[in-house]
Amino acid sequence: MKLFRFETYKIFSRWRTYISFGFIALIVIMTEVVMKLSAHEILYRMMRSFQKDFLIFGNVLNGWFITAFIMNSLHIHIPFFITLVAGDIVSNEATSGTVRLLLIRPPSRSKIITAKYLTTLFYTTGLVIFLGLICITLGLLLFGNGDLIMNYQTKFRIVFIPQAEVPLRMLLAFTAAVWSMTVVASLAFLFSTLAENSIGPIIGTMAVVIVFLVVGNFPFDFFRMLSPYLFTTYMVFWQRFLDDPIPWQEIAKSAVILGLHNTGLFLIAFIVFNRKDITS
Amino acid sequence: MEAYSSKEVVLRTHGLSKKFGKRWAAKNLNLEVYRGDVFCFLGPNGAGKSTTIRMILTLLTPSAGSIEIFGMDLHKHRRAVLSQVCGIVEKPDFYLYLSAYKNLEILGSMTRRVQKDEIMEALEVVGLTSRAFEKVKTFSHGMKQRLGIAQALLTKPQLIILDEPTTGLDPQGMKEVRGLIKKLASEGGMTVFLSSHLLSEVELVATRMAVINRGELIAQGFVSELLGKESMEYSVQVSPLDSAVELLAKLTWVEVLAAEDGKIELRVEPGHASELNRFLVSNQIEVLSFYPHRTLEDFFLKITEGTSEI
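Note that this is a predicted model, so its numbers are computed, not measured. (Residues numbered from 1 in each chain as written. Chains lettered and ligands numbered in written order. Predicted model: local features only at pLDDT ≥ 70, side-chain atom pairs only at ≥ 80, totals over all residues.)

Each helix and strand counted, chain B has eleven helices and 15 strands in total. Across its three principal axes, chain B shows a C-alpha extent of roughly 65 × 45 × 40 Å. In chain B, the proportion of contacts linking residues at least 24 apart, taken out of those at least 6 apart, comes to 67%. (Helix = DSSP H or I, 4+ residues; strand = E, 2+ residues; numbered from the N terminus. Contact = placed C-beta atoms within 7 Å.)

Here it is in structure tokens:
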């Protein structure tokens, strides 16, 4: 617990940590203000495909819809912000030489690496919660409350979630989003354990995420065949909480697969760190 | 010196070896450090000093051999051993974005609970009280070195391991750090293990020493014994030169090697250095300067009888 406290103190003493929070706030504010200014256009585009079949009343372009819309970009910019800290947390100690001070203390390497991993997860959770809070708060302030309408264009489906049910669905979706993002954090953490500078883990993680996302979305049979083996395929499982009915089995499967990735990546990092000769 | 046989061995290595690829960085080292020693691990750059220190501080896993500290096997009792040991490996690196105080608090608390006044006390010993709450990134190398010693003091260790503690320091900084090392051993009752490639440093601070070259132990023992075995060469600047040379020729324990430009190069048998100075002064010879002439390379060549490459 003490080591976790120190690690948390260390990462939150660096300005780099706040870049992520600052940029997320900026992206959300900009997106929501632009959406507010272009509300009529957005509403027209949203409704265009199904307004001839449905009569829709009420506040469609509400804070919940805006939140769900912004969350769709989660797997693109949030991983980058996560890697800024997760990719740096171990490698930076090697770069700065402080790893030598750290590892000659009584706490074992196992405890130190575990504390660092927990800190990485804590930061990741904090970042996603921050995104959720700022999206919902600003969204509700600017766009008000209402039912959530999700238009699954690829499945030719529209889902209506009543206003009373949306907060719980959002809570579940953000919890799932945290879980998804921990895989990116675990990957960056592993790379950070292997490297002795921060640039490699950050670029390496982003390269893996981007390549997997691209490969997973190519509309060819060969790439579709690969898709189940890419962790990025399961990272969007948070969206399933905004479906009706909620596909629990699919959610459970994704959560387990991502959990196994987390466990595997951390175990490799754990073994590498414990066996590593510190020559830097 | 016989009393040493009854002294507690604080650090002992048995056949300690480390291999990187095909190269042995340390080979079959058998070291013994006694309680209260200022033990100097001497060797040229690349001799294996840092590798050995890293193994002793668990940063490297030995390829063979074992390390015993306070009678406990380091591998089996890592936590118990390291709670009584502190060290600085190579240069003292700290979290530059944190203050000196916060660095000490974090690093000290990893060994034991430390109070604010203990941190301030440690900073006071090394003369950094006024900079306690400034970020370490504003510190000079010498200040970081002193902060390194402060963090070592904070945990109240019984054994302090310092890897080339005066490297990169200016003469004043070197003097301060050497003074601190002596103080730790004499007043703090700590055992100090330090590495150096400076023979003069060994003479100034150490009680016992081990000499390493190419990963192998060449010699180990008391500094006075190891260094005192050899005749010392000196450069003496005197006036008048001719009279001094004439007088010195009469002494059986002095061999004049060269005399020119008011300077005499001579070799003196062990234990006669101060006597030589007195002799010249009492014979109305003005001694303008008097300094030893021995280098680490000379020392190595002598103790290895020219068989070792440096």
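Next comes the rest of the account.
This part covers the overall build of chain A. A count of helices and strands for chain A gives 13 helices and two strands. Taken over the C-alpha atoms alone, chain A extends approximately 70 × 45 × 30 Å along its principal axes. Among the 280 residues that make up chain A, the fraction classed as buried is 39%. A fraction of 79% describes how many contacts in chain A between residues 6 or more apart in sequence connect residues 24 or more apart. (Buried ≥ 20, exposed ≤ 12 C-beta atoms within 10 Å, placed from the backbone.)

With that out of the way, let us pick up unusual backbone geometry. The omega angle of the peptide bond from D244 of chain A to P245 of chain A is -5°, so this bond is cis rather than trans. Tracing the backbone through its elements, the reader meets P245 of chain A in the loop between α12 (231–234) and α13 (248–275). P240 of chain B follows S239 of chain B through a cis peptide bond whose omega is -5°. Tracing the sequence through the fold places P240 of chain B in the loop between β12 (232–239) and α9 (241–248).

Right, let's get into the confidence of the model for chain A. Of all residues in chain A, 93% have pLDDT values of 70 or greater, and the mean over the chain is 88. Across chain A, the secondary-structure element scoring lowest on mean pLDDT is helix α3 (residues 39–48) of chain A, at 72, and the one scoring highest is α13 of chain A, at 96. (pLDDT = per-residue confidence, 0-100.)

Now for the packing of helix α8 (residues 109–143) of chain A against helix α9 (residues 166–194) of chain A. Residues and elements named next belong to chain A. α9 packs onto α8 with a crossing angle of 140° between their chain directions and a minimal axis gap of 9 Å. With respect to each other, α8 and α9 are oriented oblique. α9 is crossed by α8, and the crossing has right-handed handedness. For the pair α8 and α9, contact is made by Y117, T120, L121, T124, T125, V128, G132 and I136 and by M170, F174, A177, V178, M181, T182, A185 and F189, respectively. (Axes fitted to C-alpha atoms, helices over the stretch in contact; angles between N-to-C directions. Parallel < 35°, antiparallel > 145°, perpendicular 65-115°, else oblique. Left-handed = near helix turned anticlockwise from the far one by under 90°.)

This part covers the domain arrangement of chain B. As far as domains go, chain B holds domain 1 (2–227) and domain 2 (231–293). Each of domain 1 of chain B and domain 2 of chain B has a C-alpha centre, and these two points are 38 Å apart. (Domains from an automatic or database assignment.)

Our focus in this paragraph is the interface of chain B and chain A. Across the contact, 24 residues belong to chain B and 18 residues belong to chain A. Those elements that provide at least two residues to the side of chain B that touches chain A are α2 (78–82) and α3 (100–109) of chain B. Among the residues forming the side of chain B that touches chain A, the class breakdown is 13 nonpolar, six polar and five charged. (Nonpolar A, V, L, I, M, F, W, Y, C, P; charged D, E, K, R; others polar.)

We now examine the nonpolar core. Core analysis: the largest hydrophobic core is formed by 81 residues, its most contacted members being C40, A150 and V192 of chain B. The residues touching C40 of chain B, leaving out its near neighbours within four places in the chain, are L194, S196, V202, V205, A206 and M209 of chain B. The next biggest cluster of nonpolar side chains, apart from the first, holds 64 residues, and it includes V128, I161, Y234 and F273 of chain A. (Core = buried A, V, L, I, M, F, W, Y, C linked by C-beta atoms within 7 Å.)

A few words now on the environment of F21 of chain A. Mapping F21 of chain A onto the fold places it in helix α2 (residues 15–37). Along the chain, F21 of chain A and L127 of chain A lie 106 residues apart, while their C-alpha atoms are 6.8 Å from each other.

Our next topic: helix α5 (residues 141–154) of chain B. All names here are of chain B. Taking 1.5 Å per residue, 14 residues should reach 20 Å; α5 reaches 20 Å between its end C-alpha atoms and fits that length. When you tally the buried positions in α5, you get eleven out of 14 residues, the bulk of the element. Buried within α5 we find K144, Q145, R146, L147, G148, I149, A150, Q151, A152, L153 and L154. Buried-residue contacts for α5 involve β7 (85–88), α3, α4 (116–125), β8 (159–163) and α6 (171–186). Of the residues flanking the end of α5, it is K156, one or two places downstream, whose phi is positive at about 50°. (Expected span 1.5 Å × (residues − 1).)

Here we take up the packing of helix α1 (residues 2–11) of chain A against α8 of chain A. Residue and element names in this part refer to chain A. α8 packs onto α1 with a crossing angle of 50° between their chain directions and a minimal axis gap of 8 Å. By the criterion of interaxial angle, the relationship of α1 to α8 is oblique. Like other packed secondary-structure pairs, α1 and α8 cross with a definite hand, here right-handed. Here L3, F4, E7, T8 and I11 of α1 lie close against α8, whose contacting residues are K111, I112, A115, K116, L118, T119, F122 and Y123.

Relative to strand β2 (residues 23–29) of chain B, strand β1 (residues 9–20) of chain B is paired through four bridges, and the arrangement is antiparallel. Across the sheet, F20 of chain B pairs through a bridge with R23 of chain B, a residue of β2 of chain B. (Pairing = 2+ DSSP bridges.)

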